[in-house]
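Structural features, examined
Listed below are the residues making up each chain.
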Amino acid sequence: MLENINYALFNLINATPDSPPWSLTVARMVADDLIKIVPLMAIALWLWGPRSQVCAQRQLVVKVTLAMVVSLTLSWFIGTLFPHERPFAAGVGYNFLSHKANNAFPSNHGTIAFTFALAFVCWHRLWSGAILLMMACAIAWSRVYLGVHWPLDMLGGLLAAMTGCMVAQIIWLLAGTLIYQRLQQLYRIGFSVPIRKGWVRD
């Protein structure tokens, strides 16, 4: 039943040779480049910002990192236990993005994008989380559209992301303050020169 739905949704979304070239170009940019926002935003939130908000920003980065570690670990375990071929490897649909024929489920891109978005929904502001959720959905759509993932791969990434955020919240309640203090100490040692010069926040 699920597999039938998966195939039907894939055939509905997947591009064809008749798809407009501009849509394929946009999809490739979204599929490959939009995910780079995740590390760039995390670095920016840790290093800069209003002095009154830096502590909260850094705590958010720690929570996001915890959630990401949990969700990607879970994604790896699920993929190992329940491997699934990519559409092009199974000879289904059309492929417009070069990719290894490795395990498709769950999608790592989907897991990362949805974890980042849900983290902002849970621990930042609803509007920022909503924007990042739209970004995550765009990434999910683009990778199905280009033929490197099934729709259920993206659902798997979403479920892994939800689990990662829940587990990260538990870890934070149990040991978040200690983790944050240790990371703050390491940061101040490693970035002592940029901090002293005022290039980044202390």
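Whatever comes next refers back to the structure up there.
Everything numeric in this text was worked out from a predicted model, so none of it was measured.

A tally of regular secondary structure across the chain gives 8 helices and 0 strands. Going from N to C terminus, the chain has its helices and strands arranged as α-α-α-α-α-α-α-α. Projected onto its principal axes, the C-alpha coordinates of the chain cover approximately 55 × 35 × 30 Å. Burial analysis of the chain (202 residues in total) assigns 41% to the buried set. Long-range pairs, those at least 24 residues apart, make up 75% of the contacts in the chain between residues at least 6 apart in sequence. Carbon together with sulfur atoms contributes 70% to the accessible area of the chain, which is approximately 11100 Å² in total. Distance between charge centres in the chain, computed from 14 positive and 7 negative side chains, equals 22 Å.

With that out of the way, let us pick up unusual backbone geometry. In this chain, Phe 105 is followed by Pro 106 through a cis amide linkage whose omega measures -15°. Topologically, Pro 106 is positioned in the loop between helix H4 (54–81) and helix H5 (108–123).

A cluster of nonpolar side chains, Met 1, Leu 2, Ile 5, Leu 9 and Leu 12, forms an exposed patch at the surface whose accessible area comes to about 570 Å². With respect to the secondary-structure elements, Leu 9 resides in helix H1 (residues 2–13). Here Leu 9 falls in the partly exposed class, since its relative accessible area comes to 37%.

Okay, the pattern of salt bridges next. Tallying each qualifying case throughout the model produces 3 salt bridges. The salt bridge involving Lys 36 is made with Asp 33; its shortest N-O contact spans 3.2 Å.

Before going further, it helps to spend a moment on helix H7 (residues 151–190). Counted at 1.5 Å a residue, the expected span for H7 with its 40 residues is 58 Å, but the 42 Å between its end C-alpha atoms falls short. The largest bend in H7 comes to about 80°, at Ala 175.

Along the chain, Trp 141 turns up in helix H6 (residues 126–145). Here the alpha-carbon distance between Trp 141 and Met 154, two residues 13 residues apart in the chain, equals 8.6 Å. Among residues more than four places away in sequence, those in contact with Trp 141 are Ile 13 and Ala 27.

Let us now look at the side chain of Gln 184. In this fold, Gln 184 is placed in helix H7. Assessed through its relative accessible area of 8%, Gln 184 is described here as buried. Beyond its immediate sequence surroundings of up to four residues, Gln 184 is in contact with Trp 46, Arg 58 and Asp 202.

To continue, consider the nonpolar core. Trp 46, Val 64, Phe 116, Phe 120 and Trp 123 are the most contacted members of the largest nonpolar core, which totals 40 residues. Here the element with the most residues in this core is H5; it accounts for 8 residues. In this structure Phe 116 touches Val 38, Met 41, Val 64, Met 68 and Leu 132, once residues within four positions along its chain are discounted.

Mapped onto the elements, Arg 86 comes out in the loop between H4 and H5. No salt bridge is formed by the buried Arg 86, whose closest oppositely charged neighbour, Asp 153, lies at an N-O distance of 5.8 Å. Excluding anything up to four places from it in sequence, Arg 86 contacts His 99, Lys 100, Ala 101, Asn 102, Asn 103, Ala 104, Val 148, His 149 and Trp 150.

Cut-offs used in this document
Residues numbered from 1 in each chain as written. Predicted model: local features only at pLDDT ≥ 70, side-chain atom pairs only at ≥ 80, totals over all residues. Heavy atoms only, no water. Helix = DSSP H or I, 4+ residues; strand = E, 2+ residues; numbered from the N terminus. Buried < 20%, exposed > 50% of the residue type's maximum accessible area, 1.4 Å probe, protein only. Contact = heavy atoms within 4.5 Å. Areas by Shrake-Rupley, 256 points an atom, 1.4 Å probe, with all protein chains shown as cover. Lys, Arg positive; Asp, Glu negative; His and termini not counted. Charge placed at Lys NZ, Arg CZ, Asp CG, Glu CD. Patch = residues over 30% accessible without salt bridge, like charges linked within 9 Å, V, L, I, M, F, W, Y side chains within 5 Å. Salt bridge = Lys/Arg side-chain N within 4 Å of Asp/Glu carboxyl O. Expected span 1.5 Å × (residues − 1). Bend = angle between axes of the 7 residues up to and from the residue. Core = buried A, V, L, I, M, F, W, Y, C linked by side-chain atoms within 4.5 Å.

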